Amino acid sequence: MATSMKAQTAMATRYQAYREPPSELVSNSKRIAGKVAIYTLLILWTFIALFPIYWTITTSFKVAVDVTQGHMIPWYDYTPDWRGWRSIGLSPDTIFSTSTVREEFMKRFLNSAIMSIGASLLAVILGSLAAYGLVRFDYKFAIWRNRDISFFFLSQLILPPVVLAMPFLVLYKELALLDTRIGLIVVYTLMVLPIVIWIMRDQFRGIPVELEQAALVDGCSTWGAFMRIVLPISLPGMVAAFILSVVLCWNEYFFAALLTSTNANTLPVMVASQTGSQGINWWSMAALSTAAIAPLAIVGIFLERYIVKGLTAGAVK
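Residues numbered from 1 in each chain as written. Predicted model: local features only at pLDDT ≥ 70, side-chain atom pairs only at ≥ 80, totals over all residues. Heavy atoms only, no water.

Novice: Outline the overall build of the protein chain, listing residues and values.
Specialist: Secondary structure assignment for the protein chain yields 15 helices and two strands. The proportion of buried residues among the 317 residues of the protein chain is 32%. Taking all contacts inside the protein chain whose residues are at least 6 apart in sequence as the whole, residues at least 24 apart take part in 68%. Of the accessible surface of the protein chain, which amounts to about 19,900 Å², a share of 69% is contributed by carbon and sulfur atoms. (Helix = DSSP H or I, 4+ residues; strand = E, 2+ residues; numbered from the N terminus. Buried < 20%, exposed > 50% of the residue type's maximum accessible area, 1.4 Å probe, protein only. Contact = heavy atoms within 4.5 Å. Areas by Shrake-Rupley, 256 points an atom, 1.4 Å probe, with all protein chains shown as cover.)

Okay, here's the thing in structure tokens:
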């Protein structure tokens, strides 16, 4: 009787073990299901993020019929055509010939490059100095402290650009800065300066103050400690702030359309001008947009690790 009870108990245990999988198997199944869900969401988000770029590039190789009918897949829905690129003088059959539109495009491209790079360099220089002062020194203006000053810089991003339209128009008219590169450089510098200050403030906070104190003990001045100790360590953050500023200035449209007319127009203004009485020239606009975003895409691909390193420096102490 006892032997029979033991046999029944053993059989019940084996049956229960067969019906209920081990906890390790359950945890592995949950882990795999979680990874599948995460990668599915990442693939979906990648598709959503890259689809506008795909649509822009493919539209630059379409004709009017393909655009209106919504053809999406080259060589399946439609045969690619160089019409969009031909309209701006950048197709293989027009690239070596004289083209007024291409000359205008290169002029706008040069304007965008000069003003974006110039404004970003100026913003990084001024923003780095301001951020270093806010981190290393204590300021007091009436009831304002360092934290209040930092928030004031950040609050400038909340201000709608249209609020500044009339003041800038009046000011630039009096200073003869309308339709000039230096005028847009000043505006773009003010536009990206708050972002640079906040990025560099986090960079300088992650640098131990003891390094600068040791440099001061060794005979360095405050400027010497900044140039020899702080600046090399915070250089990745400066590069990240510079690249982010270039991207923001390169894509800016409102002030470029407001404060320029012929001499200092930028690429976004030229892209937006591809409209006429017949409607929107989608192929020309797509070709211009593709040519405009290509430099930023190349910079992002080759300097991605520097951007990530600069933006994450100081996050872990």
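After that view, the rundown keeps rolling.
Novice: Quick rundown of the UniProt feature "transmembrane region" (unreviewed entry) in the protein chain? Include the residues and the values.
Specialist: Annotation from UniProt places "transmembrane region" (unreviewed entry) at residues 36-57, 113-137, 149-170, 182-200, 237-260 and 280-303. Along residues 237-260, the helical share is 88% and the strand share 0%, with 32 Å between the first and last C-alpha atoms. Counted over residues 280-303, helix gives 88% and strand 4%. Its end C-alpha atoms are 35 Å apart. (UniProt positions renumbered as here; feature names shortened; annotations may be inferred.)

Novice: Explain the packing of aromatic side chains to me, and be specific about the residues and the numbers.
Specialist: Within the structure shown, the criterion is met by 17 aromatic pairs. Ring geometry for F109 versus W250: centroids 5.3 Å apart, planes at 80°, classification edge-to-face. Highlighted residues: F109 in helix α5 (residues 100-136) and W250 in helix α11 (residues 235-251), separated in sequence by 141 residues. On the basis of relative accessibility, which here comes to 24%, the residue F109 falls in the partly exposed class. On the basis of relative accessibility, which here comes to 7%, the residue W250 falls in the buried class. Taking the centre distance of 6.2 Å and the plane angle of 90° together, the rings of W223 and F226 count as edge-to-face. Placement of both W223 and F226 in helix α10 (residues 222-233) is noted, with a separation of three residues, approximately one turn of the helix. According to the relative accessible area criterion, W223 is exposed, its value standing at 56%. For F226, a relative accessible area of 5% gives the class buried. Three or more aromatic residues joined by ring pairs make a cluster, and in this case those are Y132, F137, F204, W223 and F226. (Phe/Tyr/Trp six-rings, centres within 6.5 Å; stacked < 30°, edge-to-face > 60°.)

Novice: Pulling in residues and values, what's your account of unusual backbone geometry?
Specialist: With a phi close to 65°, W75 is a non-glycine residue in the positive phi region. Backbone geometry at A176 places phi at a positive 60°, although glycine is not the residue there. Note on placement: A176 falls in the loop between α7 (165-175) and α8 (181-205).

Novice: Quick rundown of the packing of α5 against α8? Include the residues and the values.
Specialist: At a minimum axis distance of 5 Å, the contact between α5 and α8 shows a crossing angle of 40°. Relative to α8, the element α5 lies oblique. The hand of the α5/α8 crossing is right-handed. The class makeup of the residues in the contact of α5 with α8 is 22 nonpolar, five polar and four charged. (Axes fitted to C-alpha atoms, helices over the stretch in contact; angles between N-to-C directions. Parallel < 35°, antiparallel > 145°, perpendicular 65-115°, else oblique. Left-handed = near helix turned anticlockwise from the far one by under 90°. Nonpolar A, V, L, I, M, F, W, Y, C, P; charged D, E, K, R; others polar.)

Novice: Outline the side chain of T266, supporting the account with residue identities and numerical values.
Specialist: With respect to the element layout, T266 can be found in the loop between α12 (254-259) and α13 (267-272). Setting aside residues no more than four positions away along its own chain, T266 makes contact with R108, S112, M115, L184, Y188, E252 and A256.

Novice: Pulling in residues and values, what's your account of the nonpolar core?
Specialist: Buried together is how nonpolar side chains tend to be arranged in soluble globular proteins. If you look at the biggest cluster of nonpolar residues, it comprises 31 residues, and the most contacted ones within it are L184, V187, Y188, M200, F204 and L259. A per-element tally of this core places α8 first, with eleven residues. In this structure, M270, V271, L288 and A291 belong to the second largest nonpolar core, which totals 14 residues. (Core = buried A, V, L, I, M, F, W, Y, C linked by side-chain atoms within 4.5 Å.)

Novice: Tell me about the side chain of S284, residues and numbers included.
Specialist: In this structure, S284 sits in helix α14 (residues 282-302). Looking at S284, the relative accessible area reads 5%, which means it is buried.

Novice: I'd love a proper account of α10, names of residues and values included.
Specialist: End to end, α10 covers 16 Å across twelve residues, agreeing with the expected 16 Å (1.5 Å per residue, within 8%). Of the residues making up α10, those classed as buried are G224, A225, F226 and V230. (Expected span 1.5 Å × (residues − 1).)

Novice: Mind laying out the confidence of the model for the protein chain, listing which residues take part and the relevant values?
Specialist: Scored by pLDDT, the protein chain comes out at a mean of 83, with 88% of its residues at no less than 70. The lowest-confidence element of the protein chain is helix α1 (residues 2-19), averaging 54 in pLDDT; the highest-confidence one is α12, averaging 92. (pLDDT = per-residue confidence, 0-100.)

Novice: An account of α7 is requested, with residue identities and associated values reported.
Specialist: Among all positions of α7, only A165, F168 and Y172 are buried. The arc that holds every buried residue of α7, seen down its axis, measures 70°, which confines them to one face. Turned more than 90 degrees from where α7 packs its buried face, M166, K173 and E174 sit exposed. Two residues or fewer after α7 comes A176, characterised by a positive phi angle close to 60°. (Arc of directions from axis to C-beta.)

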